[in-house]
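Per-entry structural report
Listed here are the chains, written in short residue letters.
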Amino acid sequence: MTELRQLFFESAGELVQKLNDEAMQLEKSPGDAETARSLRRTVHTLKGDSAACGFRELSELCHEFEDVLTLENTAAAASVPEIALRAADVFAALLEAYRKGTKLPSIQSLRADIARLAHPASSGAVNAKKKKKKAAEKTSRWSEYEQLAITQAVAKGKHVHHVVVQIDPQCAMPIAGRQMIQLALAGLGEVLALYPAEGSLDPMKRVEAALVSEKPAEQIRAKCSIPTIALNVRVTPLRAEAPSHPLPPPASAADSEVKDEAASPVAAEVTAGISANDAASTGEPAAAPAVPSGPDNVLRVDAERIDSVLNLVGELILAKSMLQQTLLEFGQRFPKDVLRGKFSDVMAFQGRVLNDLQHSVMKIRMVPVDQLFRRFPRIVRDVGLQCGKEVELMVRGGQTDLDKSILDAIAEPLTHMVRNAVGHGIETAEERVRAGKRPQGTLRLGAYHQGNQVVIEVSDDGRGIDPEKVRQRALSQGLLKAEQAARLTETETLDLILQPGFSTAEEITELSGRGVGLDVVQSVMGRLKGTVQIETARGRGTTFRLRLPLTLAIIRALMFRVEQRLYALPLNAVAEIARTFEEDIHQVEHYDVLQLRNDVLPLLRLGSKPPRGPETARRKVFVLVINSGDRKFGVIVDGLEGEGELVIKALDDQSITTDLVSGASILGDGRVVLILNMIALMDRFTRGRADASGPRMAGLLSSVVPVASSIESSEMRARGTAGGQA
Amino acid sequence: MEKFAPVKRSEDGQPVRYLIVDDSVFARKNLARMVETFGGQVIGEAGDGVSAISEYDRLMPDIVLMDITMPQMEGIEAAEKIVRDHPSARIVMVSSVGYQENIVAALQRGARHFVQKPVKPEVLYEVIKYVMRDDGTTTRGAGAGA
């Protein structure tokens, strides 16, 4: 039951989103009959779904709205898009209230809007009509898969019949009765959909089916009229409009919808937003993004179930490395034993399978970014209207896949960035014309894969960010001191806008400001082990580039030692590794640097600084060169441990007292590796320089050591002795 | 007992020939009397599934009324075996309400219809009429795999 409920909320959310899209589409091309029809279908489906789940208020409201939309002239009525948008908001609010079990929001004003749309004079007729329709209607509920099969069959021009059989109330064995009807149906043609499903133990005395059959309806009726079981049989053709869920569109519409879905491949630039071209009428990829449930057979699964599988895969990987460790010990003890070779062959094979398994499971968690991007046309429209700006939204790469949990996490920051771009980045029309630009601003949203990362870009063609202004503002807000300010590079200056408490806008607008700054972006990215990069050109625009890992669960990392402890950094952050001696590390203005080829590389020392002396001078150290955006620095470590795939163990908040650690992992031999947070490191580095406290950063990681010890001891307890020494 | 119009075989107008399978003699007699009022002819009886199969092979009846719970071989299995050898066999399952799942299983294996115990003559009559109806779709097969 709860599963069904969850499914409802998920699909209802999509429907509300679809309603938003369609309303905006209608706003752009008023009078477009196809869009109007599609909008009505959306409302109809939502009505059916919510009725099936017993959410009366929503289903009634949808019903009233749908009724109004039947009028021939709705497509022409100018207020429809506006009311549809309002309806989408109210529906969303209702859904939220249902989900949380809170008090339902007021629906009176929407109801009045709808009534006004129906009959400018009176609204009484709506209710009368509603009753009439209600009596005639019975909602049924096909599964998504069944619905798809129906839609496709109808589109192919097959004869699809909607068969409803009422079972005799006298029949004491309705399940057996339904079985007979199902058999009769199967003898007539292909059963595309059946409710209740085959094998269902529901004692329901009604069977509903979608049947593909060339036989005349009368024969189907006769065949299903099984004595002592069927009370009455209704056979209607399933074509344009039918009481099913969701409505299969008319054949022509189905064709065009399928085309639309197919025509939005990864690279297709989909235009959506205010005053965008009417893509649909020109036959180009439609503005309304395709419904995420593509043409394939889709299965909805609770994300938690996948997570638990992924956790198990993580444990397997851990077990693999434990086994590897054991094999190593075995090899040392019996170097000549033939079993050794066999062992490693088997383990290599197991490793390959494990790798495939891991990737397959991770793939399940991937969802197209479009799920998030679809929200933005509405947001851009609303913010644009509020600020009196004309903004066109271009979306690219909506099909790029990203881990669902990452996608959820970036929803808020991305929304914030989009609002910000429209509210602050893009100028008003007059200002743009004065600057010699088109009056209409453009906002681009893009996503693409790059190596092991996903890049998401929000870019506007607005006024750009003036670093000087940012510097002034940061000074006046007391975020930094004058002497620090002078030393910052341009990139570092721009990064200031991601600091908590920073705001460049002269006025806080209701939509963009909201009292939160862009620091939400920074903090979320830190949590996700991603990075933010800002690029700006005065008068030409700004690009925010988010780089995210594909998944949070497993990373390829470089492991190294600092003061006998193991740490790791994501492998892709490390550009190169340099080997050097302590004596080659020089001091410049209080911080360590290394001459690396022709560059002077600033260094960050993770451990405490060794005392000076001839012994220390010849000590070998490694420098990991970290490349992040345009910043490059080195990290001094004592020794390298190798690279590997680390399964990240979530750390609870109590055990983390420092932001320097983003996660922990356990190796096959039971040792704990702490995964360092790049962003925080970089932050320390920048601040360290700004504070001119470089040399006193000794023992940066001293605060981290207790974390490792506590994880170790709790793991030892959990695994018994399996973990080995440590 | 009310009077029923006789049900005849559509191909030659002869009386419908029945095989009645039930482990209770009383139940068999009761059913036999009932089908006789429909103008039917009971050509054989069996008290368990195994003899039901051999009796079917020997007699080739038009209709089998088959009980579900019987010693040696249950009705479902017997029905399945008969239908496998004789796809055109018309088997009507007879059972009490508690065995609904078995009925579903029997239907999936090729039984044509079912009646509930205690059997009401008017219900059985309708069922017989339906099962004997020759509308060109007598051979099934679609059902067995479904």
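Heads up: the structure comes first, above all this text.
The paragraphs below set out a description of the structure included in this document. (Residues numbered from 1 in each chain as written. Chains lettered and ligands numbered in written order. Predicted model: local features only at pLDDT ≥ 70, side-chain atom pairs only at ≥ 80, totals over all residues.)

**Brief notes about the overall build of chain B**
A tally of regular secondary structure across chain B gives 6 helices and 5 strands. Taken from N to C terminus, the helices and strands of chain B fall in the order β-α-β-α-β-α-β-α-β-α-α. The buried share among the 146 residues of chain B stands at 41%. Sequence separation of at least 24 residues holds for 62% of the intrachain contacts in chain B that already meet a minimum separation of 6. (Helix = DSSP H or I, 4+ residues; strand = E, 2+ residues; numbered from the N terminus. Buried ≥ 20, exposed ≤ 12 C-beta atoms within 10 Å, placed from the backbone. Contact = placed C-beta atoms within 7 Å.)

**Points about the overall build of chain A**
What chain A contains, in helices and strands, is 23 helices and 23 strands. Across chain A, every contact between residues at least 6 apart in sequence was considered, and the portion connecting residues at least 24 apart equals 70%.

**Let's talk about the environment of Leu94 of chain A**
Residues and elements named next belong to chain A. Secondary-structure assignment places Leu94 in helix H4 (residues 80-100). The spacing of Leu94 and Pro105 is 11 residues in sequence and 6.4 Å in space, taken between C-alpha atoms. With residues up to four places along the chain from it excluded, the contact list for Leu94 reads Glu57, Leu58, Leu104 and Pro105.

**With respect to the pairing of strand S3 (residues 206-212) of chain A**
All names here are of chain A. Along S3, 5 of the 7 residues are buried, which leaves the element largely enclosed by surrounding structure. The pairing of strand S2 (residues 190-195) with S3 spans 5 bridges and is classified as antiparallel. In the strand pairing of S3, Glu190 is matched with Val212. (Pairing = 2+ DSSP bridges.)

**Focus: the environment of Arg378 of chain A**
Residue and element names in this part refer to chain A. Tracing the backbone through its elements, the reader meets Arg378 in helix H14 (residues 376-387). Considered as a pair, Arg378 and Asn20 are 358 residues apart in the sequence and their alpha carbons are 6.8 Å apart. If near-sequence neighbours (up to four positions away) are discounted, Arg378 is found in contact with Asn20 and Met24.

**Brief notes about the nonpolar core**
Grouped together as the largest cluster of nonpolar side chains are 80 residues, with contacts concentrated most on Val64, Met66, Val92 and Met93 of chain B. A total of 9 residues in this core trace back to one element, the largest contributor, which is helix H8 (residues 174-188) of chain A. Membership of the second largest hydrophobic core comes to 44 residues, among which are Ala573, Leu660, Val661 and Val673 of chain A. (Core = buried A, V, L, I, M, F, W, Y, C linked by C-beta atoms within 7 Å.)

**Some details on the interface of chain B and chain A**
The interface of chain B with chain A comprises 19 residues on the first partner and 13 residues on the second. Its residues assigned to classes, the side of chain B that touches chain A comprises 10 nonpolar, 6 polar and 3 charged. (Nonpolar A, V, L, I, M, F, W, Y, C, P; charged D, E, K, R; others polar.)

**Here's the deal with the packing of H8 of chain A against helix H4 (residues 100-108) of chain B**
Close contact between H8 of chain A and H4 of chain B brings their axes to 8 Å; oriented N to C, the two are set at 15 degrees. As the angle between them shows, H8 of chain A and H4 of chain B are arranged roughly parallel. Helix-helix and strand crossings are classified by hand; for H8 of chain A and H4 of chain B the assignment is right-handed. Contacts between H8 of chain A and H4 of chain B pair Ile175, Ala176, Gln179, Met180 and Leu183 of chain A from the former with Gln100, Ile103, Val104, Leu107 and Gln108 of chain B from the latter. In terms of residue class, the contact of H8 of chain A with H4 of chain B is made up of 7 nonpolar, 3 polar and no charged. (Axes fitted to C-alpha atoms, helices over the stretch in contact; angles between N-to-C directions. Parallel < 35°, antiparallel > 145°, perpendicular 65-115°, else oblique. Left-handed = near helix turned anticlockwise from the far one by under 90°.)

**What to know about the sheet that holds strand S1 (residues 17-21) of chain B**
Two orientations exist for strands paired in a sheet by backbone hydrogen bonds: parallel and antiparallel. Residue and element names in this part refer to chain B. The 5 strands lie next to each other as S2-S1-S3-S4-S5, forming an open sheet whose pairing is parallel. Bordering the open sheet on either side are strand S2 (41-46) and strand S5 (113-116), each of which pairs with just one other strand. Across the sheet, the mean angle separating the axes of adjacent strands is 20 degrees when strand polarity is ignored. Examined bridge by bridge, S1 and S2 share 5 bridges and lie parallel to one another. Across the sheet, Val21 pairs through a bridge with Ala46, a residue of S2. Contacts from helix H1 (residues 25-37) reach S1, S2 and strand S3 (63-67), with the element oriented near 160 degrees to S1.

**Things to note about the pairing of strand S17 (residues 591-596) of chain A**
Residue and element names in this part refer to chain A. Sheet topology note: the strand S16 (residues 585-588)/S17 ladder contains 4 bridges and is antiparallel. Along S17, the bridge assignment pairs Gln587 with Asp592. The antiparallel hairpin formed by S16 and S17 contains 2 residues in its connecting segment, where Glu589 sits at a positive phi of about 45 degrees. Bridge count between S17 and strand S18 (residues 599-605): 4 bridges; the pairing is antiparallel. Each residue of the ladder has a partner; that of Leu596, found in S18, is Asp599. The hairpin turn running from S17 into S18, its antiparallel successor, is 2 residues long, and Arg597 in that turn takes a positive phi close to 50 degrees.

**Here's the deal with the sheet that holds S2 of chain A**
Residue and element names in this part refer to chain A. Reading across from one edge, S2-S3-S1-S4 is the order of the 4 strands in this open sheet, with antiparallel pairing throughout. With one partner strand each, in any of the chains shown, S2 and strand S4 (230-237) form the two edges of the open sheet. Direction aside, the axes of adjacent strands within the sheet are offset by 20 degrees on average. Bridge count between strand S1 (residues 160-167) and S4: 7 bridges; the pairing is antiparallel. Note on S4: the bridge partner recorded for Val165 is Val233. Here helix H9 (residues 217-224) sits on the sheet and contacts S1, S3 and S4; the angle it forms with S4, its principal contact strand, is near 160 degrees.

**A closer look at H4 of chain B**
Within H4 of chain B, the full set of buried residues consists of Gln100, Ile103, Val104, Ala105, Ala106 and Leu107 of chain B. Elements in contact with the buried residues of H4 of chain B: H8 of chain A together with helix H3 (75-85), strand S4 (91-95) and S5 of chain B. Immediately downstream of H4 of chain B, the backbone of Gly110 of chain B shows phi near 120 degrees, a positive value.

**With respect to the environment of Ala217 of chain A**
Residues and elements named next belong to chain A. Here Ala217 shows up in helix H9. Taking the C-beta count within 10 Å as the criterion, Ala217 has 16 such neighbours and is therefore assigned partly exposed. With residues near it in sequence (within four places) discarded, Ala217 still touches His161 and Val235.

**A word on unusual backbone geometry**
The omega torsion across Tyr195 of chain A and Pro196 of chain A is -5 degrees, close enough to zero to call that bond cis. Tracing the chain through its elements places Pro196 of chain A in the loop between S2 and S3. Although it is not a glycine, Thr228 of chain A adopts a positive phi angle of roughly 70 degrees. One can find Thr228 of chain A in the loop between H9 and S4. Judged by local crowding, Thr228 of chain A falls into the buried class, with 23 C-beta atoms found within 10 Å. A positive phi angle is found at Met60 of chain B, which is not glycine, with a value near 45 degrees.

**A word on the packing of H14 of chain A against helix H15 (residues 404-425) of chain A**
Residues and elements named next belong to chain A. In the contact formed by H14 and H15, the axes pass within 9 Å of each other and the chain directions differ by 35 degrees. In this structure, H14 meets H15 at a crossing whose hand is right-handed. Together, Phe376, Ile379, Val380, Val383, Gly384 and Cys387 of H14 and Thr415, Val418, Arg419, Val422 and Gly423 of H15 make up the contact between the two elements. Looking at side-chain class alone, the contact of H14 with H15 contains 7 nonpolar, 3 polar and 1 charged residues.

Interpretation note: all reported values are geometric properties and have no functional meaning in isolation.
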